[in-house]
Amino acid sequence: MGKIQELDTVLADQIAAGEVIERPASVVKELVENAIDAHSTRIDIMVEEAGLQEIRIIDNGDGIASDELAIAFRRHATSKIQTRRDLFRVQTMGFRGEALPSIASIADVELVSAQANQAGAMIHLRGGEVLATQAASARPGTDITVRDLFYNTPARLKYLKSPRTELSKITDLVNRLALAEPGIAFSLHHDGKEVFRTVGNGNLQQVLATIYGTKAGQKMLPLAASDPDFKITGLVSLPELTRAGRNYVTLTINQRYIRSFPLTKALIAGYGSKLMVGRYPIAVLNIELDPILVDVNVHPAKREVRLSKEEQLTALITTAVAEVIGQQNLIPDVGSQTQELVAATAPALSEVAEPTAEVTIKRPVVVPHEPVIINTKTDLASPAMQRFDQRYQAPIEEQPAPIPPSQPLQTENVALDLTTATKTGFPQLTYLAQLHGTYLLAQAADGLYIVDQHAAQERINYERYRVEIGQVSRINRIYCNR
Ligand code: ADP
Ligand code: MG
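The sections below set out a description of the structure shown in this document. Sequence order as written defines residue numbering, which begins from 1 separately in each chain. For this description, chains carry letters from A and ligands carry numbers from 1, given in the order in which they are written. Totals for whole chains, interfaces and linings use all residues, but because this is a predicted model, local features are given only for residues with pLDDT of at least 70 and pairs of side-chain atoms are given and counted only at 80 or more. To obtain the side-chain values, all non-hydrogen atoms of the structure were used and water was disregarded.

## Some remarks on the overall build of the protein
Now for step 1: Each helix and strand counted, the protein has 15 helices and 21 strands in total.
Now for step 2: Relative accessibility thresholds used throughout: buried, under 20% of the residue-type maximum; exposed, over 50%; partly exposed, between the two (1.4 Å probe, protein chains only). Counting the 482 residues in the protein, one finds 50% classified as buried.
Now for step 3: Nonlocal contacts in the protein, meaning residues at least 24 apart in sequence, comprise 68% of its contacts between residues at least 6 apart.
Now for step 4: Here the Shrake-Rupley method, with its probe set to 1.4 Å, supplies the accessible areas, and only the displayed protein chains count as covering residues. Accessible surface, the protein as shown: approximately 23,700 Å² in total, 51% of it carbon and sulfur. Helix and strand definitions follow DSSP, with helices as H or I runs of at least four residues and strands as E runs of at least two, each counted in order from the N terminus. In this analysis, two residues are considered to be in contact whenever any of their non-hydrogen atoms come within 4.5 Å of each other.

## Looking at helix 11 (residues 310-326)
Now for step 1: Between its first and last C-alpha, helix 11 extends 24 Å over 17 residues, near the 24 Å set by a 1.5 Å rise per residue.
Now for step 2: Looking only at helix 11, the buried set comprises L313, T314, L316, I317, A320, V321, V324 and I325. Buried residues in helix 11, looked at end-on, bunch into an arc of 160 degrees, giving them a common side. Among the exposed residues of helix 11, those pointing more than 90 degrees away from its buried face are E311 and E323. Here the expected span of a helix is defined as 1.5 Å times the quantity of residues minus one. Throughout, the arc means that of the directions going from the helix axis to the C-beta atoms.

## Focus on the packing of helix 7 (residues 163-180) against helix 8 (residues 204-212)
Now for step 1: Remark: helix 7 packs on helix 8, axes separated minimally by 9 Å, with the N-to-C direction vectors making an angle of 165 degrees. Considering their axes alone, helix 7 and helix 8 lie roughly antiparallel with respect to each other. Of the two elements, helix 7 crosses helix 8, and the hand of that crossing is left-handed. Residues N175, A178 and L179 of helix 7 lie in contact with helix 8, whose contacting residues are L204, V207, L208, I211 and Y212. The convention used is that axes are lines fitted to C-alpha atoms, helices contributing only their stretch in contact, and that angles between N-to-C directions extend from 0 to 180 degrees. Any angle between 65 and 115 degrees counts as roughly perpendicular, while under 35 counts as roughly parallel, over 145 as roughly antiparallel, and the rest as oblique. Crossing chirality is assigned from the near helix's rotation relative to the far helix, an anticlockwise turn below a right angle marking it left-handed and a clockwise turn marking it right-handed.

## Some remarks on the sheet that holds strand 9 (residues 220-226)
Now for step 1: Here a strand pair is declared whenever DSSP counts at least two bridges between the two strands. Spatial strand order, 9-10-15-12-13: five strands in an open sheet with mixed pairing. The sheet terminates laterally at strand 9 and strand 13 (256-258), the two strands that pair on one side only. Each strand of the sheet is rotated relative to its neighbour by a mean of 20 degrees, with strand direction disregarded.
Now for step 2: The pairing of strand 12 (residues 249-253) with strand 15 (residues 283-289) spans five bridges and is parallel. Within the sheet, the bridge partner assigned to I253 lies in strand 15 and is I287.
Now for step 3: Its contacts with the sheet place helix 7 against strand 12, strand 13 and strand 15, and it is angled at close to 55 degrees to strand 12.

## A short note on the packing of aromatic side chains
Now for step 1: Under the pairing criterion, centres of Phe, Tyr and Trp rings, with the six-membered ring standing for Trp, must be within 6.5 Å; the plane angle then separates stacked pairs below 30 degrees from edge-to-face pairs above 60, leaving the rest tilted. Evaluated as defined, the whole model comprises one aromatic pair.
Now for step 2: Charges are assigned to positions over rings by a cutoff of 6 Å between ring centre and Lys NZ or Arg CZ, combined with an angular limit of 35 degrees from the ring normal. The ring of Y151 carries R126 above its face, with NZ or CZ at 4.2 Å from the centroid.
Now for step 3: In this arrangement the basic side chain of R243 is found over the ring face of Y248, its NZ or CZ atom lying 5.6 Å from the centre.

See the structure below:
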């Protein structure tokens with residue numbers, strides 16, 4: 001007898017699930033994408049125990065006809081592709097017809113669905129077996145509950161990370177889907193608590209502010225660019241608003257969230273030298289193109305795509321970002337207040353400085369808190385560098401929250417104490433020039449200093465807020481006097 005046998009359906013589905021469903025977030029992804037494909041305008045996601053206990057997704061989309069419920073759970077059953085030609089023109093998120101059978105083969109699934117003006121129905125499956133189907137009263141749309149994920153594939157369970165990590169993957173994913181679809185109202189609840197919600201009014205900036213904070217939302221620039229093949233729209237952060245990783249860049253192709261190293265790199269390249277080393281922007285770019293130019297069928301979960309004309313697209317992204325960023329005044333605009341501060345400082349500095357002849361700063365040069373001053377001397381153990389290290393050891397992670405403009409600045413007690421500054425050994429800098437509109441060059445006895453203006457500005461703000469909240473009564477280092 002031959003040894004070759006056809007796999008039974010459930011086993012085949014479980015094998016497919018191994019590719020598509022890696023973790024609870026994969027279930028959320030597949031189900032939410034189905035809801036998006038069904039033209040939902042509202043999608044509510046509820047997870048218990050980071051999705052391992054239960055994932056429930058309710059949408060108000062097209063629904064599934066009651067006589068098609070069982071078919072939807074069959075392998076390769078899809079309403080999204082009919083012909084071979086369709087495969088090269090897929091606009092929808094799904095098309096393989098694998099998600100529902102895969103999920104049902106490794107969990108307990110209950111789905112209730114109804115189309116508008118039609119009777120609803122319910123189907124219950126566990127481990128790929130249909131346990132029940134029956135008529136059910138339901139509002140138009142689909143309500144699907146997945147329980148006991150991986151109950152029959154313990155090996156998969158072992159690869160999961162902590163519930164916290166799994167939950168963060170779900171949250172991150174829902175965030176990205178919300179950024180890709182600002183016209184859909186999303187909500188995410190974990191163990192009964194609301195994690196996140198968007199209103200679905202199509203305002204991308206508002207979605208971004210919900211996810212990354214109001215301050216971030218205010219520091220985004222709109223971007224739009226196109227050529228005969230591609231149309232790009234989105235938001236990119238000002239160079240002063242950065243994060244420590246590339247993870248805050250969201251790319252979508254025809255509103256499908258994808259990951260692409262070359263496209264992310266192209267976006268970052270658009271900033272040129274305006275980003276501090278090791279810092280990355282926040283951005284959302286939606287790229288629209290003829291589906292014929294993209295092959296979404298290279299990754300089982302469709303996270304990565306293959307693009308024709310990728311080089312043309314990367315060039316377009318870099319140019320578009322460079323243009324938007326280039327049009328900006330590179331000094332963070334914190335209002336005329338700061339301009340006044342800086343303007344008022346110059347004479348004050350020279351007045352005090354000249355008679356003592358100790359400090360020869362001709363223009364305000366301030367000490368920022370981040371990659372700050374780079375002494376181009378290779379000897380990092382230089383006295384100036386050591387002093388610098390001693391004074392700025394503690395890194396300041398977060399900028400303090402801005403003070404509402406209604407609150408008057410209490411800067412009277414802020415004085416420039418050059419004597420102290422000199423005593424603590426701040427190098428005597430002489431301003432030389434500005435480089436790339438971003439860096440101030442200054443010289444001191446021990447070498448050339450490069451001051452990052454953005455970071456410097458942040459430092460000024462930081463010191464000012466510290467004074468205002470009373471942490472220091474007096475600033476004893478170089479500071480802009482008002
Ligand atoms: P695919 O999305 O690749 O077509 P799925 O297994 O995810 O495959 O879904 C199978 C089919 O079930 C879909 O093609 C769609 O017709 C239907 N379907 C699944 N989820 C929903 C939903 N939330 N609303 C409406 N139809 C759905
Ligand atoms: Mg699908």
